[in-house]
Amino acid sequence: MNERNAFADASVQDIFRDKGVTLMKGDWTIATRDHQGAIGIRGAGVPLYVIYNSKPGSSQPVVLPQLLTANIVHDAFADLPDRDFK
């Protein structure tokens, strides 16, 4: 649902490109201790959306809600400057 409603949105794709976002996806069907640790540490379930380095000067990850909209994604990256591709 999130992939169709939020991630497929053209404006979200623009944000990912402009900000140099690297998307990574873990597959819970192949449960490992790494997956279980990541879920347990953050006290969240699946799906789990975590953004690293989205707030300048902060190394704390940002955990997004399980149900996403394009606006939630926009807000999550609002403080991150566009990547300089020069």
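Residues numbered from 1 in each chain as written. Predicted model: local features only at pLDDT ≥ 70, side-chain atom pairs only at ≥ 80, totals over all residues. Heavy atoms only, no water.

Overall, the coordinates contain three aromatic pairs when judged by the stated rule. With 6.0 Å between their ring centres and 40° between their planes, phenylalanine 7 and phenylalanine 16 make a pair best called tilted. Across this residue pair, the class does not change: phenylalanine 7 and phenylalanine 16 are buried. A ring pair is formed by phenylalanine 16 and phenylalanine 77, whose centres lie 5.9 Å apart and whose planes are at 80°; its orientation type is edge-to-face. Here phenylalanine 77 lies in the segment after helix 4 (70–76) and phenylalanine 16 lies in helix 2 (residues 10–19), a separation of 61 residues in the sequence. Each member of the pair, phenylalanine 16 as well as phenylalanine 77, is classed as buried. Every member of this aromatic cluster is reached through a ring pair, and the members are Phe7, Phe16, Tyr49 and Phe77. (Phe/Tyr/Trp six-rings, centres within 6.5 Å; stacked < 30°, edge-to-face > 60°. Buried < 20%, exposed > 50% of the residue type's maximum accessible area, 1.4 Å probe, protein only. Helix = DSSP H or I, 4+ residues; strand = E, 2+ residues; numbered from the N terminus.)

This part is about the confidence of the model for the protein. Mean pLDDT over the protein stands at 81; residues scoring 70 or higher make up 76%. Of all helices and strands in the protein, the one with the weakest mean pLDDT is helix 3 (residues 33–42) (57), whereas helix 4 scores best (95). (pLDDT = per-residue confidence, 0-100.)

In terms of nonpolar packing, the biggest core is built from 14 residues, with Phe7, Val12, Phe16, Leu64, Leu68, Val73 and Phe77 touching the most fellow members. Broken down by secondary-structure element, the contributors of at least two residues to this core are helix 1 (2–7), helix 2, strand 1 (49–51) and helix 4. Those residues in contact with valine 12, other than ones at most four positions away along the chain, are Ala6, Phe7, Ala70, Val73 and His74. (Core = buried A, V, L, I, M, F, W, Y, C linked by side-chain atoms within 4.5 Å. Contact = heavy atoms within 4.5 Å.)

Here we take up helix 2. Taken residue by residue, helix 2 has Val12, Ile15, Phe16 and Lys19 as its buried positions. Here the buried residues of helix 2 occupy an arc of 95° about the axis, which is enough to place them on one side. Buried residues in helix 2 make contact with helix 1 and helix 4. One or two steps after helix 2, the chain reaches glycine 20, where phi turns positive at roughly 70°. (Arc of directions from axis to C-beta.)

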